[in-house]
Amino acid sequence: ISEERQRAQEEWEALEEIQLGLGEPLATAAPLISFNEALQYFQTADLTECRKKVRATARGRGLAALLCCLFAPPQLQAQLQEERELALAMAHCALDDNERVHMRILQTIYKKLTRSRLGCPRYGVHWEELGFQGADPGTDLRGTGMLGLMQMLFFVMDSQTLPLALDIFKLSQHETQAAAVLQNFPFCVMSVNITRIVLQALREERLSRECNRRQQVIAVLNNLYAAAFLQLYRVWKWQHKTIADSGVLLKELELSAKKKPKQLLKSLEAYVGQSPAADTLRQPSHPSGSGQEINFTGVCDAQVELEGDARLI
């Protein structure tokens, strides 16, 4: 029986594609792609046009500029500038149907979140079920580009953060009729909003100290993304937040990512260092504000106002 199962699994993995009843390809049976493999692709890909779009770090004017010079965090070291530029270039890189790696990233995210061995069509309502705003995930990536998908890929492919990603995804699907308050939210849209926050913190050099200390940029971005998602999850779950609270919570998260990134990162270190089951017994240590008539931040909005003169890249 063991040999038969092994042979069946090998045949399954060698399958080129699954066919629908009408003969249309459902999805290629391309293997899952790791974050490192995807990153190596972007490191060698021609991102010339994307790099041209990378803007200088957002800075204030007048008195704000003077205060920035006096009290600003340290600048990113010269040897890390190339990695920073790569991250920003990925944020300007659009999802391309003709790029096999792009499609593998998308399929991997789908399979890991749904825990399915089957792929899915490039377009369809199944993406809405994952938490995108429509049948085409690419339309939700205007503000974060492929970096938005890359951070989701990191989240689901890292063994330490996958349990957290699945817990958050489960909460986002919360639609129990018996529940007093429905806590469901669009998982992928929320993820892209968190990537937007992390990107802005990078652009304003709020992460330079940590990047310099670790001599890494993209790894710090990924860890801050996961830490921010963890913070949002804890507040959302224990304080019974709903989609009406999302605007306020994202704004608070933005402030934390910019002013206290080290504290967020430490909370992630504590989380991965313990059993996820133990984490469910612990409520957030501080309250979070709530508001009425709050609109969820739409990632399809071309311009999203942030603090001061900073804007979404």
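Keep in mind it's a predicted model, so treat the numbers as computed, not measured.

Another aspect to go through is the overall build of the protein. Along its length, the protein carries 15 helices and 2 strands. Buried positions account for 47% of the 313 residues belonging to the protein. Long-range pairs, those at least 24 residues apart, make up 75% of the contacts in the protein between residues at least 6 apart in sequence. By element, 51% of the accessible surface of the protein is carried by carbon and sulfur atoms, the whole surface being about 16200 Å².

Attention now goes to the pattern of salt bridges. Enumeration over the complete set of coordinates arrives at 12 salt bridges. Two residues, glutamate 85 and arginine 51, come together in a salt bridge whose shortest N-O distance is 3.0 Å. Note that glutamate 85 is positioned in helix H5 (residues 81-91) and arginine 51 in helix H3 (residues 48-52), a separation of 34 residues in sequence. Owing to a relative accessible area of 30%, glutamate 85 belongs among the partly exposed residues under this scheme. Between glutamate 204 and arginine 206 there is a salt bridge, with its nearest N and O atoms 3.3 Å apart. On the accessibility criterion, arginine 206 (28% relative accessible area) is partly exposed. In the salt-bridge network here, residues are joined through shared partners; they are Arg196, Glu204, Arg206, Lys251, Glu254 and Lys258.

What follows deals with helix H8 (residues 145-157). Because an α-helix completes one turn every 3.6 residues, residues spaced three or four positions apart along the sequence face the same direction. Taking 1.5 Å of rise per residue, the 13 residues of H8 would be expected to cover 18 Å, and the 19 Å separating its terminal C-alpha atoms lies within 8% of that figure. Burial of H8 is extensive: 12 of the 13 residues sit out of reach of the surface. Packed against the buried residues of H8 are helix H2 (35-44), H5, helix H6 (100-114), helix H9 (162-172), helix H10 (187-203) and helix H12 (218-238).

Moving on to the environment of arginine 196. Of note, arginine 196 is situated in helix H10. Separated by 51 residues in the primary sequence, arginine 196 and glycine 145 place their C-alpha atoms 9.9 Å from one another.

Moving on, we come to H5. Listed as buried for H5 are Arg84, Leu86, Ala87, Leu88, Ala89, Met90 and Ala91. Of the surrounding elements, those touching the buried residues of H5 are H2, H3, H8, H10 and H12.

Here the focus is the nonpolar core. Grouped together as the largest cluster of nonpolar side chains are 83 residues, with contacts concentrated most on Phe42, Ile105, Leu149, Met150, Phe155, Ile194 and Phe229. Broken down by element, this core gets its largest block of residues, 14 residues, from H12. Apart from the residues within four sequence positions on either side, isoleucine 194 is in contact with Tyr225, Ala228, Phe229, Leu232 and Leu253.

The full count for this structure, using the stated rule, is 0 disulfides. Free cysteine: cysteine 50, not disulfide-bonded; nearest cysteine sulfur from cysteine 93 at 4.5 Å. Using a relative accessible area of 12% as the deciding quantity, one classes cysteine 50 as buried.

Although it is not a glycine, glutamine 215 sits at a positive phi angle of roughly 55 degrees. Residue position: glutamine 215 is located in the loop between helix H11 (208-214) and H12. A relative accessible area of 36% places glutamine 215 in the partly exposed class. Phi at histidine 240 takes a positive value of approximately 55 degrees, unusual for a residue other than glycine. We classify histidine 240 as exposed; its relative accessible area is 54%.

For the rest of this paragraph, the subject is the packing of H5 against H8. Two elements in contact, H5 and H8, have axes whose closest approach is 4 Å; the angle formed by their N-to-C orientations is 105 degrees. One way to sum up the angle between H5 and H8 is to call them roughly perpendicular. In contact with Ala87, Met90 and Ala91 of H5, H8 contributes Gly145, Met146, Leu147 and Met150. Split by residue class, the contact of H5 with H8 holds 6 nonpolar, 1 polar and no charged.

This part takes up the packing of aromatic side chains. The geometry of two aromatic rings is summed up by the distance between their centres and the angle between their planes. Evaluation of the coordinates by the stated rule reveals 10 aromatic pairs. A ring pair is formed by tryptophan 127 and phenylalanine 132, whose centres lie 6.1 Å apart and whose planes are at 80 degrees; its orientation type is edge-to-face. Among the aromatic side chains, those forming a connected cluster through ring pairs are Phe155, Phe169, Phe187, Tyr225 and Phe229.

All right, on to the confidence of the model for the protein then. For the protein, per-residue confidence averages 80 on the pLDDT scale, and 71% of positions sit at 70 or higher. The low-confidence segment residues 16-28, where pLDDT is below 50, has 22 contacts with residues more than four positions distant or belonging to other chains. Contacts from residues 56-60, a stretch scored under 50 in pLDDT, to residues over four places away or in other chains number 14 contacts.

With that settled, consider the environment of methionine 152. Topologically, methionine 152 is positioned in helix H8. Judged by its relative accessible area of 2%, methionine 152 falls in the buried class. If we ignore the near neighbours within four places in the chain, the residues touching methionine 152 are Ile109, Phe132, Cys188, Ser191, Val192 and Tyr225.

What counts, and at which threshold
Residues numbered from 1 in each chain as written. Predicted model: local features only at pLDDT ≥ 70, side-chain atom pairs only at ≥ 80, totals over all residues. Heavy atoms only, no water. Helix = DSSP H or I, 4+ residues; strand = E, 2+ residues; numbered from the N terminus. Buried < 20%, exposed > 50% of the residue type's maximum accessible area, 1.4 Å probe, protein only. Contact = heavy atoms within 4.5 Å. Areas by Shrake-Rupley, 256 points an atom, 1.4 Å probe, with all protein chains shown as cover. Salt bridge = Lys/Arg side-chain N within 4 Å of Asp/Glu carboxyl O. Expected span 1.5 Å × (residues − 1). Core = buried A, V, L, I, M, F, W, Y, C linked by side-chain atoms within 4.5 Å. Disulfide = S-S within 2.5 Å. Axes fitted to C-alpha atoms, helices over the stretch in contact; angles between N-to-C directions. Parallel < 35°, antiparallel > 145°, perpendicular 65-115°, else oblique. Nonpolar A, V, L, I, M, F, W, Y, C, P; charged D, E, K, R; others polar. Phe/Tyr/Trp six-rings, centres within 6.5 Å; stacked < 30°, edge-to-face > 60°. pLDDT = per-residue confidence, 0-100.

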